[in-house]
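Each chain, written out:
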Amino acid sequence: MIRALSAARSMNAGHAHLNSIPSQPVAKGNYPLTHAEVTCAISGSMMLLPGPEFVENEYRVPLNHWKAGRRLGAVGFECSFECSSIAKALAQRASICGYCLTPITQQHGHTLSAGARCGIIASSEGSQTHQAFSARPRVPITRSMAPGTRHISANPPLLSALVAILACLTPTNGALVRPKLPRMRLGRPPISLWPKRRVENRKWSSEDSSDHPFLSKYPKGLLANCTEHFITQHLDHYNFETPKLHTRSRFQAFGSRVPKSTFQQRYFVCGGASWKPNGTIFFYTGNEADVELYVNNTGLMWENAERFQALMVFAEHRYFGKSLPFGGKKDLEARHLQFLSPDQALADYAVLIHSIKNEWNSHASPVIGFGGSYGGMLCTWFRTKFPQFVDGCIAASAPIVSFEGQIPAVNPNFFAEGETYDCKKEGGLPNDWCADNFRKAWDVIFNLAKTPQGRRNLQEAFHLCDTPGASSGGSDIVSWISSALGYMAMGSYPFPSAYMLNGEGELPAFPLRLGCKTYLSKPFHGEKSMELLENVRELVGIFYNYSGNSVECFDTTAGANNETKMDDDLWNYLYCTEIFQPFGQLGGDDDMFWTSPWNATAAAEGCFEQYGVYPRKEWAATNYGAYDIAKSVTNIVFSNGELDPWRGGGIQTTLSDTLHAIIIPDVGHHVDLFFSNKMDTEAIKQARDFEREQIQKWIVEKRSSYGQ
């Protein structure tokens, strides 16, 4: 769900995409570019977007064709370029042209090993400029043709492969957009902090066992007490026709294809030493990651399974982990993404529970659902849509009322206001100076970013590896800062925790509070502006120095590895379809950020440019309901941490005698789902006690309905 925040912020306010950077002039003259084409001269044959226009010895693709076919597979266009010099010439951090070119190579693997000549042809207000850059010598290249594409062949030099990048260059109104949190997932670290996946079987140290006494029962790790399974699921549960998709096994002859209508969903079955048929089943509704992450962290299930003689089942969300319908990178193709949705995932879970109840002859088994963040949303919606398969749900930090079209309406600035709450006296600090100092810091950063000397001062103040580019206007730095603030606020736990870092290092207890008290608890006036920035650097360094080892410099543009990049793209698609949450900020007393109001229209346009789809902004409220679920839904506990910025998008008041809301004072993101810790507060313990009481009640209700 941090992914949702990132997607919204990056697509908000015009077409300032992904990097949340306002367009800047990149050609000669003082005019922002409103139109650009990247051309590469090559020899041989190549696939082109339909309908190129031959103008002055160059083929030019109409802009609307690129806009409609941005995902490439939609119109059969497969071509990428090694034109890094273009990106460098346009912007030092590839914030404009680089976005259009680089992801094509990364996602589709079509590398043009030798482009001949790359150039930018840009026009603005009737003026034109032309910049050409040398590349390597031409080499003939051949691509197979896709239906609907035009085969261009000529004697060298052949001018082809035209890419329009209007969306990257469209100017904004000059207002800076609230930067994204690079990793848009609730409870997951940003891109730059994922050097590798930590999904292997975690073995617990003596220190772990001391902090979490329960773990001493599993010295070989939790996964050693689980078995991995797969179940065949339909790609489309709601269409009886076989999708018009085909795959070819590597063992089949070339050209031999079979219809693709199913995939293998992974799930784990854990524990259950004392379980008997018709016994209780604890079911985790997997969210947007490898399900092993949740197996290793959902202590509330593990610690209570024996008490309720329950067997645990952890289901993996389609398109994540090993539950890949098309085997990996092909899952990102436009024609395949249509099967990625919460509704399809919920149907997967229903089929899975129905199957295992039949297989285990346990139709009377009570099923108790658990989920945190997006998983908590899924658990709630599972209980809403399929009450026959889940008898109750613990939905921790589940922002199910964070969508447009709900009554009462969602506050689109809730996340920014939640972060600000944690930086003020009301959030547990001795004064409000931390929030006030952040307000001042943004202005200092933006002003310094206007001049070359100011940008050098920013590099020095923040110990950056590179001098900020002029085109960024300082937004790369503030994005980097706000990313850390979001995760530090979510990670407000009364004990040191590796959860926000996914096991790669450890954050101290209440990291944001610690940083505010240590570095920003006093005023910084006028001449102390550089000292202010240095202290901001030290605060976010608590997060970015997560390994415990000091770093020589910070890289504000560090990217992810291919696997996490794929997860990002998948979540962005979910955001651009059903999980379309508003994120804005207004500044002032309620939030400490600069002004950037939520703009649903601009965000929707950004989604269309990236995926070729428009969000149905009120569909979540229509399809799943909001506060009005109290009319028909029962047996859910909604828990939220007081210091969690996502609290503003969740249920915070009890809706009925069976839909309970818990606000856990002075803690962050879904702490109640974790393993018990010797530093747990009484409020955390009381929340878990209440959840156990409700679980017991739901089990009794289920058994009584079967006359047991």
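This is a predicted model, so every value here is computed, not measured. All residue numbers refer to positions counted from 1 along the written sequence of the respective chain. The model is predicted, so local features are restricted to residues of pLDDT at least 70 and side-chain atom pairs to those at 80 or more, both for listing and for counting; the totals for chains, interfaces and linings are taken over all residues. To get the side-chain values, all heavy atoms of the structure are used, and hydrogens and water are removed first.

Asker: How would you sum up the sheet that holds strand E14 (residues 311–315)? Please name residues and give values.
Answerer: Here, a strand pair is defined by DSSP locating no fewer than two bridges between the strands. Think of it this way: any DSSP run of H or I at least four residues long counts as a helix, any run of E at least two long counts as a strand, and we number them from the N terminus. One open sheet holds the 8 strands; their spatial order is E9-E12-E14-E13-E15-E16-E17-E18, and the pairing between them is mixed. Either end of the sheet is taken by a strand with one partner, and the two such strands are strand E9 (226–234) and strand E18 (659–664). Taken over all neighbouring pairs, the strand axes of this sheet differ in orientation by 20 degrees on average, direction set aside. Strand direction decides the pairing type here: strand E13 (residues 281–285) and E14, joined by 5 bridges, are parallel. In this description, a line fitted to the C-alpha atoms serves as the axis of each element, helices being fitted only across the stretch in contact, and the angle between N-to-C directions of two axes falls anywhere from 0 to 180 degrees.

Asker: So what's going on with the state of the cysteines? Which residues, and what values?
Answerer: We call a pair of cysteine sulfur atoms a disulfide when they lie within 2.5 Å. If you walk through the whole model with that rule in mind, you get 5 disulfides. Each sulfur in the disulfide pair Cys576 and Cys607 lies 2.2 Å from the other. With the S-S dihedral at roughly -75 degrees, the linkage between Cys576 and Cys607 falls on the left-handed side. Taken together, the positions of Cys576 in the loop between helix H18 (562–575) and helix H19 (600–611) and Cys607 in helix H19 put the pair 31 residues apart, joining distant regions of the chain. A 1.4 Å probe rolled over the protein chains alone gives each residue an accessible area, and that area as a share of the maximum for its type sets the label: buried under 20%, exposed over 50%, partly exposed in between. Overall, the relative accessible area of 0% leaves Cys576 in the buried class. Free cysteine Cys423: the closest other cysteine sulfur is in Cys516, separated by 3.9 Å.

Asker: So what's going on with the nonpolar core? Which residues, and what values?
Answerer: Here, nonpolar core means buried Ala, Val, Leu, Ile, Met, Phe, Trp, Tyr and Cys residues that are tied together by side-chain atoms lying within 4.5 Å of each other. Ranked by internal contacts, the top residues of the largest apolar core, which has 94 residues, are Trp302, Phe438, Phe462 and Ile481. In terms of residue count, helix H15 (residues 475–490) provides more of this core than any other element does, 10 residues in total.

Asker: Run through helix H17 (residues 529–544), naming residues and quoting values.
Answerer: Each helix should span, by expectation, one fewer than its residue count multiplied by 1.5 Å. Look at H17: 22 Å from first C-alpha to last across 16 residues, which is about the 22 Å you get at 1.5 Å a residue. Taken as a whole, H17 has its buried residues at Leu532, Leu533, Asn535, Val536, Arg537, Leu539, Val540, Gly541, Ile542, Phe543 and Tyr544.

Asker: An account of the confidence of the model for the protein chain is requested, with residue identities and associated values reported.
Answerer: As a per-residue measure, pLDDT tells how confident the predictor is, with possible values from 0 to 100. Here the protein chain averages 74 in pLDDT, while 66% of its residues score no lower than 70. It only takes one pair of heavy atoms within 4.5 Å for two residues to be counted as in contact. Low pLDDT, under 50, characterises residues 13–204; the predicted model gives this stretch 480 contacts beyond four residues in sequence or across chains. Taken together, the stretch residues 248–256 has pLDDT below 50 and engages in 8 contacts with residues farther than four places along the chain or on a different chain.

Asker: Which residues make up the packing of aromatic side chains, and what are the values?
Answerer: Classification of ring pairs uses Phe, Tyr and Trp, with its six-membered ring standing for Trp, and accepts pairs whose centres are within 6.5 Å; under 30 degrees between planes counts as stacked, over 60 as edge-to-face, and the remaining range as tilted. The tally for this structure, following the rule as stated, stands at 36 aromatic pairs. Between Phe283 and Tyr349, the ring centres sit 5.8 Å apart and the planes meet at 70 degrees, which makes this aromatic pair edge-to-face. Here Phe283, found in strand E13, pairs with Tyr349, found in helix H10 (residues 342–359); they are 66 residues apart in sequence, far enough to count as distant. Exposure class is identical for Phe283 and Tyr349. Each is buried. Between the aromatic rings of Tyr575 and Phe580, the centroid separation amounts to 5.3 Å while the plane-to-plane angle is 50 degrees, which identifies the pairing as tilted. A relative accessible area of 0% means that Tyr575 is categorised as buried. Each member of the aromatic cluster is reached from another via a ring pair, and the members are Phe462, Trp480, Tyr487, Phe543, Tyr544 and Phe554.

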